[in-house]
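Commentary on secondary and tertiary structure
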Amino acid sequence: MKELFILAVVTVFTLLTYYLVEPFAHSQMHKHIESEGFAYKDLPALTKKGDAEHGKELVMGAGACVGCHGIKAEGMPAPMDAVTAAQSYGVNPPDLSTAGAIYEPKFLAALIKNPAHALMVEHKFDESKGQMHPMTSFYGAGGDLDQEIADMVAYLQSIAPKAEEVTPAMAFENACGRCHAIHYEYNLDGELHPSWTQIGEKPVFKKKQDELKFETKVLDYQEALKKYMGTLPPDLSMYIRSRGEHYIKTFVENPQNYLKGTAMPRVGVNAEAAEKIIEHLENVGDSKRHKREEVGKNVMIYIFIFAIFAILWKKEVWRDLH
Amino acid sequence: MKNNSRRGFMGKAFGAVAGVGAVASLYAMKRSWDPLPSVKAAGFTVLDMSAYKENELVTEKWRGKPIFVLKQTAEMVKKAKENPKDIERLIKIGNDYFLVALGLCTHLGCIPGYNPDDKSFLCACHGGLYDFTGEVTKAPPPRGLDIPPFKIDGNKLVLGEEGPEYKKMLETGITLKA
Amino acid sequence: MAHFTKATSLHDWLNQRLAIDTLRRVLATEYWIPKNINFLWAMGMVLAITFAFLLVSGIFLLMYYQPNVDLAFDSVNYTIMQEVGYGWLWRHVHGVAASVVFLIIYIHMFTGIYYGSYKKGREMIWLSGMLLFVAFSAEAFSGYMLPWGQMSYWAGMVITNLFAGGSLHADGLVEWIRGDYVPAQAFLNRFFMLHVLLIPLAIIGLIVLHFGALRIPHVNNQDGEEIDFEAEAAKYKAGDKANSKVIAFVNDFMSKDMMVVGIYLIFFFYLVFYHYDFAMDPVNFDPANGLKTPAHIYPEWYFLWSYEILRPFSTDVGLIAFAFAQVIFFALPFLDRSPNAVPASRRGLFKFWFWAMLIDMIVLTAMGKVPPEGMFSAIGFYAALTFIGLWIALPFITKFEKKV
């Protein structure tokens, strides 16, 4: 009984110390931000039902989307290569083939209408001061503006793959991968995937010249990006361990939450795409998590048995001593 | 219990449980010594066979080891065909024949040098000689140059994968498993 | 030369050459431990097991770690964590054990303080234990440098700057320690050497000394009772185990040790697999960047109390207070003037001193981590003053303690 009391005292002081240096201290260091589930409550809801046919005409025509964006799903490559695009716009505009599956519809609508507002970078792009966002606002093709935007969104959704066809890597590459590199290769289902640079996967080169040429291109892209963003966006290889799921989600949802005035835009991914991005970061930075859980379970079972046998041995030995 | 150092039943049982844990941890230790996945993934080399010139030895690298590639001239092929054991050592891609072999002497692992005039390989370490098909012609090497696992893929040769032609060579004893 | 006869068995062969029977008797079966002890007496074995875990996991980490500023971070976070079979397990075990070992050391220390196990011939046990504490601290700090993350780099920067000695401006000394103007390649290499060779050697030597120091004064017991070990051992050997006040190290004490170890390992492996962030700070998963300090930097939890003694004062006073905190525990056996080597509960004012010290150190630990602002600064300041005050008061309150 006395030993149990001593154990209780030791446990209480240990837990108290733990509570103070971990949950309590961290609550004092970082404000807690609750996720709003990628609902983008500040943006107006889509009220009009879109017509994909008409949307296609707008995207290809009056909307002038394809002047900058490629749509590979429709057989339209990007008008410029990644490096030239970054040198012209600051960052390579995304291919629109998967936009309808990765981004929240009402975000897309808001983006077409007023990019700087939807992306939450109005502090950087103030039209009244002549700071134009590289993506121009869509002012309408003569009809009802909201209806036209709804049509364009409907078109993007109609060409997009189904939600379940979007892989974690696809979601990452489209939403994050034009600014952020991941230099860790990763193994998924027995297949080795190469490192990711802002201009795509890094191929295997046989000749040093080819490798240097590729790296020069990456550096050129990064230089343009750095000029545009103010700083080179970080490599995300270990972000799942350095930031954790909650931080990444609430940060992506609204970067201004943590870094007031950051140049990082709100990218407007939907909740499923956000999950996929997290999964991709886990595949890269915490690839042994399933193994850890499996081994952990077995070790815990074993160690319980070990402890039980140790207790029984002690009882056997000490029977003679009392 | 007379002797206080002797363990009772539970003591032995506990020792056994602890032993199981120790052995299980040996498995994790063994795995930590295994070659890394990136090392294993790099275990394949693809050679473009259209780029080689006749009777000119090119040394490629596969799994850190030298690989001899020697495209045969028509005359060499004719000579090799006289002896079925020789022609079987060569790899036929399209209409061309190649010697593709591990460039390590089967005696003690030195790298033999090729003499294009004699069309033979001489290992300077202990004087072993091989002909242009990699067959040994003078001791001490115990056998011809070993052939790495390969797979023919059109015009290309994938080293590290075992294709049907390689498996046949293993069966007929042309080469040992490298 | 001794006389050797033809061996009758392997056991006999070894016995003639190595005296294994005698060794076993002296070190194990007739090494006497008091019976009147509780589970806190098993902390030595828990520490030995944890040290063994650190050693084994460290060996496997060493096989893939690259002590190079360009490669270190990725060799840990990519090669070891993602590529090496069970590499992640070694790292988690190593990281968690490095943290937990300090929890056990603190429990072990406070057990010693509570039961007065540093007095009456046990001073060398205390002193060698304190040397071990210092060696473990150096080992923990040098190991913390190796992943070369943001926390490694900035901890290296801040801690080495302490050696400038405030107004003394001994910048030359700081550069000498680093081998560079900032923590860089030379720094990483030498701390790698310290971590994997010199300090572990010192630790192993000190462990031997610590065990040796126990031999003559024997282990203390729960009531501070002076036991006639020879008489009690004779009783035990005659078969009257129940009435003897001593037990054999093997199997009696060992079986109890193993029981505690078993329960401890449940806790330990739970942390390794499911709750490791406390020991592997997320900030250290950002690669070292000499041009950007993390928003919050703080040492690992086990250094927080002494760090907090440094923090609330101006540079020079802080450094003196810090130096005081580092060495004062060594002086415990000499500052405690009381002749009583009994549990604190029976020692009048010392009882309050003990609990006040424990709580004050927990307060210092907590305040060392939170941002030094507002109320936290004030609490930290008074807790630091309390710490110093308690040590100054110790000789006085113990001098007037009644003999029990």
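In this text, all values refer to a predicted model and were calculated from it rather than measured experimentally. Residue positions are given per chain, counted from 1 along the sequence in the order it is written. Each chain gets a letter, beginning with A, and each ligand a number, beginning with 1, in the order they are written. Local features in this predicted model are restricted to residues whose pLDDT is 70 or higher, and side-chain atom pairs enter the listing and the counts only when it is 80 or higher, whereas totals over whole chains, interfaces and linings include all residues.

Some details on the overall build of chain C
Worth spelling out the cut-off: By the criteria applied, helices consist of DSSP H or I runs no shorter than four residues and strands consist of E runs no shorter than two, each listed in order from the N terminus. Computation of the radius of gyration draws on C-alpha atoms, with the globule rule given as 2.2 Å multiplied by the number of residues to the power 0.38. Any residue whose C-beta has 12 or fewer other C-beta atoms within 10 Å is treated as exposed, any with 20 or more as buried, and any in between as partly exposed, C-beta atoms being built from the backbone. Residue pairs are scored as contacts if the distance between their C-beta atoms, which are placed from the backbone, is within 7 Å.
A tally of helices and strands in chain C yields 16 helices and two strands. Taken over the C-alpha trace, chain C has a radius of gyration of 24 Å; the compact-globule value for 404 residues is 22 Å, and the two agree within 12%. C-alpha extents for chain C along the principal axes are approximately 70 × 60 × 45 Å. The buried share of chain C, reckoned over its 404 residues, is 40%. Residue pairs at least 24 apart in sequence account for 74% of intrachain contacts in chain C once pairs closer than 6 positions are excluded.

Notes on the nonpolar core
Selection rule: Throughout this description, the term nonpolar core refers to a group of buried Ala, Val, Leu, Ile, Met, Phe, Trp, Tyr and Cys residues whose C-beta atoms join them within 7 Å. Here the limits of each domain have been adopted from an automatic or database domain assignment.
Counting 165 residues, the largest nonpolar core has Leu108, Ala175, Val269, Ile277 and Ala310 of chain A together with Leu364 of chain C as its most contacted members. Counting residues per element, this core draws most heavily on helix α11 (residues 249-274) of chain C, at 13 residues. Counting residues domain by domain, this core receives three or more from each of domain 1 (25-297) and domain 2 (304-404) of chain C. Beyond its immediate sequence surroundings of up to four residues, Ile277 of chain A is in contact with Ala171, Phe172, Ala175, Cys176 and Val269 of chain A.

Topic: the domain arrangement of chain C
Residue and element names in this part refer to chain C. When cut into domains, chain C gives domain 1 (25-297) and domain 2 (304-404). Placing a centre on the C-alpha atoms of domain 1 and another on those of domain 2 gives a separation of 23 Å. At the interface, 19 residues of domain 1 touch 16 residues of domain 2. Going through the elements one at a time, α5 (87-114) and α6 (123-145) are the ones with two or more residues in the side of domain 1 that touches domain 2.

Focus on the environment of Lys113 of chain A
Residue placement: Lys113 of chain A occurs in helix α5 (residues 105-113). Contacts of Lys113 of chain A, omitting those with residues within four sequence positions, involve Ser137, Phe138 and Ile149 of chain A.

Quick notes on unusual backbone geometry
Between Ala139 of chain B and Pro140 of chain B the backbone carries a cis peptide bond, its omega angle lying at 15°. By the secondary structure assignment, Pro140 of chain B is in the loop between β9 (136-138) and β10 (150-153). For Asp189 of chain A, which is not glycine, the phi dihedral falls at a positive 50°. Relative to the assigned elements, Asp189 of chain A resides in the loop between β1 (186-188) and β2 (191-193). With 5 C-beta atoms packed within 10 Å, Asp189 of chain A lands in the exposed category. A positive phi is found at Tyr86 of chain C, a non-glycine position, where the angle reads about 65°. Within the secondary structure, Tyr86 of chain C sits in the loop between α4 (72-83) and α5. Residue class for Tyr86 of chain C comes out buried when judged on the 23 C-beta atoms lying within 10 Å of it.

As for the sheet that holds β10 of chain B
Residue and element names in this part refer to chain B. As a reminder, the rule being used: Two strands are counted as paired when DSSP detects at least two bridges linking them. With axes taken as lines fitted to C-alpha atoms, and helix axes fitted only over the stretch in contact, angles between N-to-C directions fall between 0 and 180 degrees.
Sheet architecture is open: three strands sit in the order β1-β11-β10, paired in antiparallel fashion. In the strand order of this sheet, the two ends are held by β1 (45-48) and β10, each with one partner. Pairs of neighbouring strands in the sheet enclose a mean axial angle of 25°, with direction left out of account. Inspection of the sheet shows β10 paired to strand β11 (residues 156-159) by four bridges, in the antiparallel sense. What sits directly across from Asp153, in β11, is Lys156.

Overview of the environment of Thr14 of chain A
Considering the arrangement of structural elements, one finds Thr14 of chain A in helix α1 (residues 2-29). When the C-alpha positions of Thr14 of chain A and Glu164 of chain A are compared, they lie 46 Å apart, and in sequence the two are 150 residues distant.

Here's the deal with the interface of chain A and chain B
Formally: Residue type decides the class: Asp, Glu, Lys and Arg count as charged, Ala, Val, Leu, Ile, Met, Phe, Trp, Tyr, Cys and Pro as nonpolar, and the leftover types, Gly among them, as polar.
Contact with chain A, which involves eleven residues of that partner, is made by eleven residues of chain B. When residues of the side of chain A that touches chain B are assigned to their parent elements, the largest contribution, eight residues, is made by helix α13 (residues 289-319) of chain A. Across the side of chain A that touches chain B, the residue classes tally to eight nonpolar, one polar and two charged.

Topic: the sheet that holds β9 of chain B
Residues and elements named next belong to chain B. Across the sheet, which stays open at both edges, the four strands sit in the order β6-β7-β8-β9 with antiparallel pairing between neighbours. The strands lining the two open edges of the sheet, one partner per strand, are β6 (113-115) and β9. Here the strands of the sheet are splayed against their neighbours by 35° on average, with no regard to which way each runs. Pairing geometry for β6 and strand β7 (residues 120-122), over three bridges, is antiparallel. In the sheet register, Gly113 faces β7, and the bridge partner there is Leu122.

Thoughts on the interface of chain A and chain C
The figure often quoted for interface size is the accessible area lost as the parts come together. Across the contact, 41 residues belong to chain A and 45 residues belong to chain C. Contributions of two or more residues to the side of chain A that touches chain C are made by α1, α10 (239-242) and α13 of chain A.

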